Amino acid sequence: MRRRVFGAAAAGVLGMAGLVSLGSPHATAAEEQRPVEYNFTKGFLAGFFKAGEAPPGANDWGCKPSGEHPRPVVLAHGTLENMNDNWRGAAPLLANNGYCVFAFNYGADKQTSPIQGTAHMKESAAQLGAFVDKVRGATGTAEVDLVGHSQGGGPLPRTYLKDDPSAAGKVDKLVGITPSNHGTTLSGITELGRQLHLLQPVNGFLDKTAPALAEQEIGSDFNKALDAGGDTVPGVDYTVIATKYDEVVTPYTNGFLKAGPGATVRNIRLQDTCAKDYSDHLQAPYDPITLTHVLNALDPAHPRAVKCQTVLPLTGPTGRVEQ
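Residues numbered from 1 in each chain as written. Predicted model: local features only at pLDDT ≥ 70, side-chain atom pairs only at ≥ 80, totals over all residues. Heavy atoms only, no water.

Engineer: What's the story with the state of the cysteines in this structure? I'm lost.
Structural biologist: What makes a disulfide is a covalent bond joining the sulfur atoms belonging to two cysteines. Here the structure, examined in full by the defined rule, presents two disulfides. Between Cys63 and Cys100 runs a disulfide, and the two sulfur atoms are separated by 2.0 Å. Its torsion about the S-S bond being -80°, the disulfide of Cys63 and Cys100 is classed as left-handed. Here Cys63 is found in the loop between helix H2 (40-47) and strand S1 (73-76), whereas its partner Cys100 is found in the loop between helix H4 (90-96) and strand S2 (101-104), with 37 residues between them in sequence. Both residues of the pair, Cys63 and Cys100, count as buried. Of note for the protein: the bonded cysteines, numbered N- to C-terminal, pair according to 1-2, 3-4. (Disulfide = S-S within 2.5 Å. Helix = DSSP H or I, 4+ residues; strand = E, 2+ residues; numbered from the N terminus. Buried < 20%, exposed > 50% of the residue type's maximum accessible area, 1.4 Å probe, protein only.)

What follows is the structure, given as structure tokens:
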């Protein structure tokens, strides 16, 4: 009987140690370890037709931030994406590491539409503001941290911060993954369309169907107005994570920001920390190297080493991920 009791106790201790080793260095045995997806294609296919469902780890409205992670994290998806197909990597990883994580859909007529993020960005920015207030109310926190992809990591939250005088007091950090901050040529397509005199009629059609696409073109009136007065607002800490293999935001350096008074900016090119990272625009939010930078941006007091490994466009790491 003594041997059995000792064996059960030893097994319990080993089990708890195993759970801690799989998650955050601050994790406990009681915390659930959710599977993290690092392959964009798999994540996209799993979430695209379930747009109304939150990604794993997100939208636990009873979650209360801890002393280690005192601010909830709000995830904002990109154009033509939704919260479930965009965040099946980041949401469970952040939740596994002790964050209260929240995601939402914006910029579409229906919350359940697979394709989101196409409406005028000023309308979508108002939706972001309402969601931030909802999260703050549920968690009892004064501020949130924003993590976004493409539109959701750049012009959308920047519009919210610029248009709402109270927004800067509600946001501590903004982390943008391959953000379209200063517009894009879409690998030269917009310039070709301009030369062929096709861009204006196409934009006229987009303005009625998906205006956010036209607003993100380089040199658009929307971009000019957003950039007027500087890239940042005081009191917010900005991080931009870009990849030189971005085929959507071109040139990729258009994602980078310049710090204005009272703000801090860190611009990161993935290949400067890992030359074997070939992540493109879509793979980036599923990339374990990107996600390490996200964790470090949210908790700079406890930085993690970036573990360099080969990551391919669309399909992710070629080997086992140690996060």
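Engineer: Explain the nonpolar core here, please?
Structural biologist: As a rule of thumb, nonpolar side chains are buried together in soluble globular proteins. In this structure, Leu75, Leu94, Val101, Val147 and Leu298 are the most contacted members of the largest nonpolar core, which totals 30 residues. When contributions to this core are tallied by element, the ones reaching two or more residues are S1, H4, S2, strand S4 (171-177) and helix H12 (288-298). Broken down by element, this core gets its largest block of residues, six residues, from H12. Among all residues touching Val147, those that are not within four sequence positions of it are Val73, Val74, Leu75, Ala76, Trp87, Val175, Ile177, Val294 and Leu298. If you look at the next biggest cluster of nonpolar residues, it comprises 27 residues, including Phe102, Ala168, Tyr238 and Ala263. (Core = buried A, V, L, I, M, F, W, Y, C linked by side-chain atoms within 4.5 Å. Contact = heavy atoms within 4.5 Å.)

Engineer: What should I look at first to understand the sheet that holds strand S6 (residues 264-269) in this one?
Structural biologist: Sheet strands pair via backbone hydrogen bonds, and the direction of the pair is either parallel or antiparallel. Here we have six strands laid out as an open sheet, ordered S2-S1-S3-S4-S5-S6, and parallel in their pairing. Each of the sheet's edge strands pairs with one partner strand only, and the pair in question is S2 and S6. Put simply, the sheet's adjacent strands are angled 15° from each other on average, direction ignored. Of the strand pairs in this sheet, strand S3 (residues 144-149) and S4 are connected by six bridges, and their pairing is parallel. In the strand pairing of S4, Leu146 is matched with Leu174. Taken strand by strand, helix H6 (residues 155-163) contacts S1, S3, S4 and strand S5 (237-242), and its axis lies near 155° from that of S4. Here H12 sits on the sheet and contacts S1, S3, S4, S5 and S6; the angle it forms with S4, its principal contact strand, is near 165°. (Pairing = 2+ DSSP bridges. Axes fitted to C-alpha atoms, helices over the stretch in contact; angles between N-to-C directions.)

Engineer: Can you walk me through the packing of helix H5 (residues 121-139) against H6 in this structure?
Structural biologist: Taken N-terminus to C-terminus, the directions of H5 and H6 make an angle of 75°; their axes are 8 Å apart at the nearest point. For the element pair H5 / H6, the angle class is roughly perpendicular. Residue-level contacts link Met121, Lys122, Ser124, Ala125, Leu128, Gly129 and Val132 of H5 to Pro155, Leu156, Pro157, Thr159, Tyr160 and Asp163 of H6. By residue class, the composition of the contact of H5 with H6 is eight nonpolar, three polar and two charged. (Parallel < 35°, antiparallel > 145°, perpendicular 65-115°, else oblique. Nonpolar A, V, L, I, M, F, W, Y, C, P; charged D, E, K, R; others polar.)

Engineer: Could you clarify how one ought to interpret a nonpolar patch on the surface in this entry?
Structural biologist: Together, Leu80, Ile115 and Leu213 line one region of the surface with nonpolar side chains, adding up to about 230 Å² of accessible area. Looking at the element boundaries, Ile115 is found in the loop between S2 and H5. (Patch = residues over 30% accessible without salt bridge, like charges linked within 9 Å, V, L, I, M, F, W, Y side chains within 5 Å. Areas by Shrake-Rupley, 256 points an atom, 1.4 Å probe, with all protein chains shown as cover. Salt bridge = Lys/Arg side-chain N within 4 Å of Asp/Glu carboxyl O.)

Engineer: What's the story with the pattern of salt bridges in this structure? I'm lost.
Structural biologist: Two side chains carrying opposite charge are able to pair once their charged atoms lie near each other. A complete count under the given rule lists nine salt bridges for this structure. Taking the shortest distance from any N to any O, the salt bridge between Lys170 and Asp133 comes out at 3.0 Å. Residue Lys170 is found in the loop between H6 and S4, and its partner Asp133 is found in helix H5; the two are separated by 37 residues along the sequence. Ionic pairing is found between Arg269 and Asp272, a salt bridge with its closest N-O pair at 2.9 Å. With relative accessibility at 25%, the residue Arg269 sits in the partly exposed group.

Engineer: Is there a simple way to think about the side chain of Arg158 in this case?
Structural biologist: Along the chain, the position of Arg158 falls in helix H6. Judged by relative accessible area, Arg158 falls into the buried class, the value being 3%. Among all residues touching Arg158, those that are not within four sequence positions of it are Leu174, Asn181, His182, Leu226, Asp227, Gly230, Asp231 and Leu257.

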